[in-house]
Amino acid sequence: MKSLIYSTIFTLAAATTTVVPTVAQAQAVNYDASAPRIVSTNIDLNDENHSMTLYTGAKPLSYVRITAPDDVQIQEGTQVTTESGRQIEANLFRGLTEDNQFVIAFAQPVPARTNLKITLQEVEPTVPGADNFFNYEVAGKHLGLERLIPYGVARFQANAGVRP
């Protein structure tokens, strides 16, 4: 009888160990630190400004295309500065096919490996007072490259309860 119990326990133990999944192992992530990207976002509820910091990457940047969400209106005011606070001369052009798409064209290409702060001034939600997330698609045109390079999605959260 004892041998039957021991063999049953051994069989159950063997069956249990084969069913238990193995522990996941960490995988190395290949990350290119020189790639263009969105570094940070910030929203100033007092002035209704949305700011994003972009890293230009390894090639000079000639313009940035931003696709704003449908639930915001962006006025003509845009300010572009470097991380040292130097103003970058830029013009804002609205998209011809989409109202929520615009291009910020730089008078001179922005040098490679530069952090840019782009401030969209007087951003107004189309539904005032609503708690919202605003997602902007950002891409850049770099010298020497034929296509726009996607930077990603700049995400902003506006809380109606925070506004003074």
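Up top is the structure.
As the structure is a computational prediction, the values presented were derived from the model and not from experiment.

A. Highlighting the packing of aromatic side chains. Taken as a whole and assessed by the stated rule, the structure comprises one aromatic pair. Relative to Phe156, the ring of Tyr136 has its centre 5.2 Å away and its plane inclined at 85 degrees; by these criteria the two rings are edge-to-face. Residue Tyr136 is found in strand β10 (residues 132–142), and its partner Phe156 is found in strand β11 (residues 148–158); the two are separated by 20 residues along the sequence. For the pair formed by Tyr136 and Phe156, the shared burial category is buried.

B. Summary view of the nonpolar core. Formed by 27 residues in total, the largest nonpolar core has its most connected members in Met52, Ile104, Phe106, Leu120 and Tyr136. Those elements giving two or more residues to this core turn out to be β2 (49–55), β3 (61–67), β4 (72–74), β7 (101–110), β8 (115–120), β10 and β11. Non-local contacts of Leu120, meaning those with residues more than four positions away in its chain, are made with Glu48, Asn49, His50, Met52, Ile74, Gly77, Thr78, Phe102, Ile104 and Tyr136.

C. Quick look at the pairing of β8. Counting buried residues along β8, five of its six residues qualify, which places the element largely inside the surrounding structure. The pairing of β2 with β8 spans six bridges and is classified as antiparallel. Bridging from a neighbouring strand, His50 pairs with Leu120 of β8. Note that strand β5 (residues 78–82) and β8 share five bridges and pair antiparallel. Considered in β8, the bridge of Thr82 is made with Leu116.

What counts, and where the lines are drawn
Residues numbered from 1 in each chain as written. Predicted model: local features only at pLDDT ≥ 70, side-chain atom pairs only at ≥ 80, totals over all residues. Heavy atoms only, no water. Phe/Tyr/Trp six-rings, centres within 6.5 Å; stacked < 30°, edge-to-face > 60°. Helix = DSSP H or I, 4+ residues; strand = E, 2+ residues; numbered from the N terminus. Buried < 20%, exposed > 50% of the residue type's maximum accessible area, 1.4 Å probe, protein only. Core = buried A, V, L, I, M, F, W, Y, C linked by side-chain atoms within 4.5 Å. Contact = heavy atoms within 4.5 Å. Pairing = 2+ DSSP bridges.

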